[in-house]
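Examining the three-dimensional arrangement
Okay, here's what each chain looks like letter by letter:
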Amino acid sequence: MQTATGARWWHTATGYQVYPRSFADSDGDGMGDVPGITGKLDHLADLGIGFIWLSPVYASPMADNGYDISDYRDIAPEFGTLDDFDRLVAQAHARGIGIVMDLVVNHCSAAHPWFRAARASRDAPEHDWFIWRDPAPGGGPPDDQRACFGGSAWLWVPEVGRYCYCHFSPEQVDLNWDTPALRAEIYDMMRWWVGRGIAGFRMDVISLIGKDVDARIYEEGPRLHAYLQEMHREVLAGRDLLTIGESWGVSRDTALLYCGRDRGELDMVFQFTHILEGWDEVLGKWRPRPFDLVAFKRVMDDWQETLADDGWNALFLSNHDLPRQVSRYGSERYRKDSAKALATVLHLMKGTPFVYQGEEIGMTNAGFTRIDQYRDLETLGHYSEQIAEGVSPGAFLEGAARFSRDNSRTPMQWNAGENAGFTSGTPWIGLAQGWPEVNVAADRADPGGVVAHYRRLIAMRKELPIVVHGRYRPFLRGNAQVMAYTRSLGAEVLAVIANLSEEPCMVELPAPMRVSGEALVATHGVRDLSAGEVTLAPYEALAVLGPEAAR
Ligand code: TEU
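About the thresholds
Residues numbered from 1 in each chain as written. Predicted model: local features only at pLDDT ≥ 70, side-chain atom pairs only at ≥ 80, totals over all residues. Heavy atoms only, no water. Helix = DSSP H or I, 4+ residues; strand = E, 2+ residues; numbered from the N terminus. Expected span 1.5 Å × (residues − 1). Buried < 20%, exposed > 50% of the residue type's maximum accessible area, 1.4 Å probe, protein only. Arc of directions from axis to C-beta. Contact = heavy atoms within 4.5 Å. Pairing = 2+ DSSP bridges. Domains from an automatic or database assignment. Phe/Tyr/Trp six-rings, centres within 6.5 Å; stacked < 30°, edge-to-face > 60°. Lys NZ or Arg CZ within 6 Å of the ring centre and 35° of its normal.

Before going further, it helps to spend a moment on helix H3 (residues 82-94). In an α-helix there are 3.6 residues to a turn, and that puts residues three or four apart on one side. Over its 13 residues, H3 runs 18 Å from end to end, which matches the ideal 18 Å to within 8%, given 1.5 Å per residue. Of the residues making up H3, those classed as buried are Leu82, Asp84, Phe85, Leu88, Val89 and Ala92. Across the axial projection of H3, the buried residues extend over an arc of 160°, all falling on one side. Those residues of H3 that are exposed and angled more than 90 degrees off the buried face are Asp83 and Ala94. Looking at the buried residues of H3, the elements they touch are helix H1 (34-38), helix H2 (41-47), strand E2 (51-54), strand E4 (71-75), strand E5 (98-103) and helix H5 (180-195). One or two positions beyond H3, positive phi appears at glycine 96, with a value near 75°.

And the structure:
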C-alpha cells in the first residue's frame with residue numbers, strides 16, 4: 001500500500017523472472033510446469049525475493065512459447081491447471097512472495113476463438129478486434145511491412161478476402177486497441193486475474209498498443225497513453241498492484257509519460273537502451289558489438305538521472321529474450337566472480353532489480369553450434385531469411401551463439417544429476433554447457449557461491465534505506481575497466497566499485513568515494529577505500545557504507 005511517504009512494497013523488493021517451460025518439470029514430460037515452480041519456492045524464498053514475474057502460463061499453441069495466447073482465462077495443459085495456479089499463488093503468498101502475471105495483449109494467438117470468429121466473417125463483432133487491410137490493387141499484401149520474427153507482417157485470410165496485421169509472426173495476430181469492446185474485454189480479464197490474488201502485471205510490448213500501422217508508427221503511437229490511463233482507471237486504480245511495462249521504444253524523453261507519479265499509468269518500465277546500444281546498426285542482434293563498458297555506464301547513469309526524483313527504474317541485464325549476462329557483460333573464464341560483480345553494480349542502483357532464473361548461479365549461454373539445437377521461432381525465422389539472402393550458416397550460428405533467445409531458455413540447472421535435475425524425461429531443449437559444475441546444489445555448497453551473494457544483495461535492499469532511496473552519483477565514467485558510483489542519503493554514503501574486466505586494475509578514487517566504514521560487499525576481502533587508491537582483482541566488487549567524508 002502507498003504510505004504517507006509514498007513508499008510502495010516493491011520499492012524494497014527484488015523480482016525474479018520464471019520462464020515456466022524451462023524452470024522445473026514435475027511430471028516428466030520434458031517441459032517445466034506450474035507445480036514444478038511451486039516445488040521450488042523454498043529456493044526463491046531463501047534468496048529473499050519479493051515477487052515472481054511469471055512468463056506466460058496461459059493456454060497457447062506455444063508457437064512463441066506462450067506469447068501467443070489462445071485462452072486468457074486458462075492455464076496451458078502442459079503447464080497444469082487453474083487449481084495448480086491457485087496453489088502456486090497461495091504457497092508463494094505464504095512465503096511473502098507475490099505472483100506477477102505476464103499480460104500479453106498487443107496480440108493473441110491466431111488460434112484464439114476471437115480470431116476464429118473474426119476470420120469467419122466481416123460481420124462478426126470480433127472482426128473489428130483485429131487490424132485488416134484490403135489486398136494491394138494488383139493483389140497481394142497491402143504493403144511490404146515485415147514481421148519481427150520473419151516474413152510479411154500480413155496474413156492472408158481468404159474467408160474474408162482481407163489481410164490481417166501481425167507484428168511478430170502469423171501465429172500472433174495484433175489486437176485492434178481502437179475497439180472499445182476489445183478493451184473492455186481485456187480489462188475484465190485483468191480484473192479476473194486480480195481476483196485470483198495476483199500481485200501485478202508485467203505488460204508485454206505494451207508500447208505497441210497505440211500503433212498506427214498505416215503510418216508505420218509502432219512504438220509509442222498516438223493513442224498509447226490514453227489506453228494506459230483508461231486501463232489504470234478500469235483495473236489498477238485503488239489496488240495495491242505492481243505494473244511494469246515492457247517498452248523497446250521508451251527513451252529518456254518519454255519514460256515519465258508511463259511511470260511519472262501523477263500520470264495514472266504504470267509503476268515502471270523495462271527499457272532496452274542498454275541492450276540496443278550493443279547491437280549492430282544494420283544487422284542488429286545477430287552481429288553484436290563487443291561489450292563497451294563506457295557506453296554501457298553512460299546509458300545506465302542516464303537512466304538513474306532521468307528517474308531520480310519521479311518514476312522508478314526496473315533494473316535488469318538478462319531475461320528470456322536476452323543472452324546470459326555472464327556471457328554478454330562478464331566473463332565465462334571468471335564466471336562466478338563476474339556474476340557477482342555484475343549483480344553488485346546492478347542491485348545497488350536505484351530501482352527494482354530483476355533476477356532472471358539461473359542468473360543467481362551464474363549460468364552461461366547455451367553453447368549451441370548447430371541450427372537443429374535451436375527452438376526459438378525468432379532464431380529459426382531469421383536463419384531462413386538470412387541464409388536465403390546469402391549469409392553463411394557459420395556466420396549466422398556465430399551470432400546466434402551469442403544472441404539467440406534460446407541462450408537463456410535452456411533448462412534451469414538444479415543439480416549434477418540427470419538433466420541437471422530439471423526433468424526425469426527428455427528436456428524440450430538441450431542443456432547449456434557446463435551444467436555438471438554450474439547448478440544450484442553445487443553453488444549452494446560454496447560459501448563464496450553466487451547464490452549467497454545474491455541473497456546478500458537482496459537483503460541489503462530490504463534492510464538499508466540508502467539502497468532504496470539514496471541519490472545516485474557516477475564516478476570514473478571514462479574508465480573502461482571499472483564501474484563506480486555512490487548512493488547518498490542524509491549523512492551516509494554507500495560507495496560501490498567493481499572491476500568489470502579480466503585484468504587487475506589500480507584506480508585513484510575521487511574524494512566522495514573515499515568512504516571508510518562497513519564493507520557490505522567485499523568479494524575478494526576488505527579493502528580500504530579511504531586511502532584514495534585501490535587495487536582491484538579481475539571482477540572484484542566492493543560496497544562500503546560510511547559517513548559522508550568531511551569536506
Ligand atoms: O518481446 C518483445 C520484443 O520486441 C522481442 O521480440 C524482441 O524484439 C526480441 O526478443 C529481441 O530478440 C516480447 C517478449 O518478451 C518476447 O518473448 C515475445 O516473443 C514478444 O514480446 C512477442 O510477444
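What follows deals with the sheet that holds strand E7 (residues 132-133). The sheet built from 3 strands is open, its strands ordered E7-E9-E8 with antiparallel pairing. Two strands close off the open sheet at either side, each with one partner strand: E7 and strand E8 (154-157). With 4 bridges connecting them, E8 and strand E9 (residues 162-165) associate as antiparallel partners. Bridge pairing in E9 links tryptophan 156 to tyrosine 163.

To continue, consider the domain arrangement of the protein chain. On domain assignment, one finds that the protein chain holds domain 1 (9-106 + 179-364 + 433-453), domain 2 (113-174) and domain 3 (468-550). Domain 2 and domain 3 are separated by 55 Å when their C-alpha centres are compared.

A few words now on the packing of aromatic side chains. The geometry of an aromatic ring pair is captured by the separation of the ring centres together with the interplanar angle, meaning the angle of the planes. Applying the stated criterion to the full structure yields 35 aromatic pairs. Their ring planes at 70° and their centres at 5.4 Å tell us that phenylalanine 291 and phenylalanine 296 sit as a pair that is edge-to-face. Here phenylalanine 296 falls in the buried class, since its relative accessible area comes to 5%. Centre to centre, the rings of phenylalanine 291 and tyrosine 329 are 5.1 Å apart; their planes meet at 85°, and the pair counts as edge-to-face. Of the two residues, phenylalanine 291 is situated in the loop between helix H8 (273-276) and helix H9 (293-306) and tyrosine 329 in helix H10 (residues 325-329); the sequence distance between them amounts to 38 residues. Here tyrosine 329 falls in the buried class, since its relative accessible area comes to 6%. Note that lysine 40 overlies the ring of tryptophan 414, its terminal NZ or CZ placed 4.2 Å from the centroid.

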